Structures are given as structure tokens and as C-alpha cells.
Amino acid sequence: MKNYKLLIPIVAFLLVSIFLYKGLYSDPTNIENANLAKPFPEFQLADLMDENKLYTKQDLLGDYTLINVWGTWCVTCRVELPFMTQLRQQGVKIVGVYYDNAAEAAFGELDVRNTRKDVTQMLAQLGNPFQFNIYDEKRDLSLDLGVTGAPESFLIDDKGTIIAHRRGAIDHRVWQNEFAPLFPSASGSQQSLEQN
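Rules of the game
Residues numbered from 1 in each chain as written. Predicted model: local features only at pLDDT ≥ 70, side-chain atom pairs only at ≥ 80, totals over all residues. Heavy atoms only, no water. Salt bridge = Lys/Arg side-chain N within 4 Å of Asp/Glu carboxyl O. Helix = DSSP H or I, 4+ residues; strand = E, 2+ residues; numbered from the N terminus. Buried < 20%, exposed > 50% of the residue type's maximum accessible area, 1.4 Å probe, protein only. Core = buried A, V, L, I, M, F, W, Y, C linked by side-chain atoms within 4.5 Å. pLDDT = per-residue confidence, 0-100. Contact = heavy atoms within 4.5 Å. Pairing = 2+ DSSP bridges. Axes fitted to C-alpha atoms, helices over the stretch in contact; angles between N-to-C directions.

Participant: Provide a residue-level description of the pattern of salt bridges, including the pertinent values.
Facilitator: Counted by the stated rule, this structure contains five salt bridges. One salt bridge connects Glu152 with Arg167, and the closest N-O pair in it is separated by 3.4 Å. With Glu152 in strand S6 (residues 152-156) and Arg167 in strand S7 (residues 162-167), this residue pair connects regions lying 15 residues apart in the sequence. Of the two residues examined, Glu152 and Arg167, each falls in the buried class. Glu178 is the salt-bridge partner of Arg166, the closest N and O atoms lying 2.8 Å from each other. In this pair, Arg166 sits in strand S7 while Glu178 sits in helix H6 (residues 172-179), placing the two residues twelve residues apart along the sequence.

Written out as C-alpha cells, the structure is:
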């Protein structure tokens with residue numbers, strides 16, 4: 001019985017060591033999303049720049065589409081916009097989900113006119129990768145997706161299934177390692193991106 005008591009600290013030490021060793025090689029910015037391999041959530045939301053234009057999940061179907069959750073207040077979003085603009089120029093369909101800063105919302109209604117002005121200036125300066133921007137004013141879509149901040153990106157296939165998710169910026173390395181391999185092999189988008 002005495003010998004077993006001596007093994008408890010050794011086993012505990014080994015378990016803690018294994019846990020810490022695994023942590024050294026994990027990517028803390030890319031936490032597994034529970035929505036992977038599930039259909040993109042249903043929604044009906046207005047266009048950021050024109051509240052009379054509504055989008056639904058149907059507007060995302062038919063092509064592989066990168067959905068990018070972003071905001072003008074997000075410093076990391078500024079870093080990824082130029083690269084994402086290159087992706088769009090090479091044929092990748094990118095749709096924005098505008099994630100408004102909640103600080104203003106705590107004091108009443110958000111003034112979407114200021115948001116539109118900021119978006120127009122930022123996209124003119126850094127590039128516009130988006131085919132259109134969905135205005136997720138109440139963050140309902142973002143909550144359904146499990147979004148924790150911006151930027152976050154979701155790749156859906158042509159049928160609307162989420163096949164990839166990334167928290168943090170997408171750059172050339174992330175694109176090549178995590179997203180480009182998921183496109184169909186016949187896709188001209190993937191081939192042209194691999195050449196750069």
C-alpha cells in the first residue's frame with residue numbers, strides 16, 4: 001500500500017507535463033469551432049450600406065465563400081484587408097459580416113451613418129475584398145456562429161456547410177495552410193493563389 005502512495009506524485013507530475021507539452025505546440029488563436037461541418041446558420045440581415053437590401057443564407061450558396069467577421073475598430077482587420085483584397089482579385093468570393101463595436105450600443109442606438117462613413121474610408125484606404133457586407137447590428141448571426149471577436153473567418157462550401165474557421169487574421173501562410181487546400185482541385189482560385 002505504501003508503494004502506491006509514492007506513485008501518485010509521479011503520475012500527477014507526468015500528466016501535468018504532458019498537458020503543458022501539448023500546450024507549447026497549440027495555436028491559441030485558433031480554437032475549434034463547434035459549427036464545423038454544420039450548415040451555415042439561417043439569417044435575414046440588411047446590407048451595411050443600404051438597409052433596404054436584405055441578405056439571407058441563400059445569397060451565400062453556389063460558390064465556396066469566405067465569410068469574414070470584421071469591424072473598422074479592429075486593428076487586426078486593418079492588417080488582413082490588403083491580403084484579402086488580393087484574394088478577391090484572384091477570384092475568391094468574400095462576404096463581410098460587419099461586427100459593430102458594442103461600446104456605443106451601451107449608450108443607446110448606434111448611428112449607422114458614422115459606421116458607413118468609417119467603413120467607406122477604411123476600405124478606400126486598405127482595399128475592399130467584400131462582394132457585400134452584411135450588417136449584424138444586434139450580433140445575432142455572430143452569436144449563432146460562436147464569434148468571440150474580430151476578425152474571424154468561416155469558409156463554406158457551395159452548399160453552405162462550414163468547412164473551415166479561423167480566429168485572427170488571414171495572411172498568405174494561413175491561407176495556403178488552412179483554406180486553399182479545401183477548394184475543389186479544379187478551382188482556378190486555388191491554383192492562382194498557389195502561384196503567388
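Participant: So what's going on with unusual backbone geometry? Residues and values would help.
Facilitator: Of the consecutive residues Ala150 and Pro151, the connecting peptide bond is found in the cis state with omega at -5°. In this fold, Pro151 is placed in the loop between helix H5 (140-145) and S6.

Participant: For the nonpolar core, give the residues involved together with the corresponding values.
Facilitator: Phe40, Leu66 and Trp175 are the most contacted members of the largest nonpolar core, which totals 44 residues. The biggest single contributor to this core is helix H2 (residues 75-89), with five residues.

Participant: Give me the lowdown on the confidence of the model for the chain, citing residues and values where you can.
Facilitator: Averaged over the chain, the pLDDT score is 84; the fraction of residues at 70 or greater is 80%. In the model, residues 186-192 has pLDDT below 50 throughout and makes eleven contacts with residues more than four positions away in sequence or in other chains.

Participant: Account for the sheet that holds S7, with residues named and values stated.
Facilitator: On the basis of which strands lie adjacent, the open sheet formed by five strands has the order S5-S4-S3-S6-S7 and mixed pairing. Only two strands of the sheet have a single partner each, and these edge strands are strand S5 (133-135) and S7. Across this sheet, the average inter-strand angle for adjacent strands is 20°, counted without regard to direction. Here three bridges tie strand S4 (residues 93-98) to S5, and the two strands are oriented parallel to one another. Its bridge partner lying in S5, Val97 is registered against Ile134. Along the sheet, H2 contacts strand S3 (65-70) and S4; its crossing angle with S3, the most-contacted strand, is approximately 160°. Packed on one face of the sheet, H6 meets S3, S6 and S7 and runs near 150° to S7.

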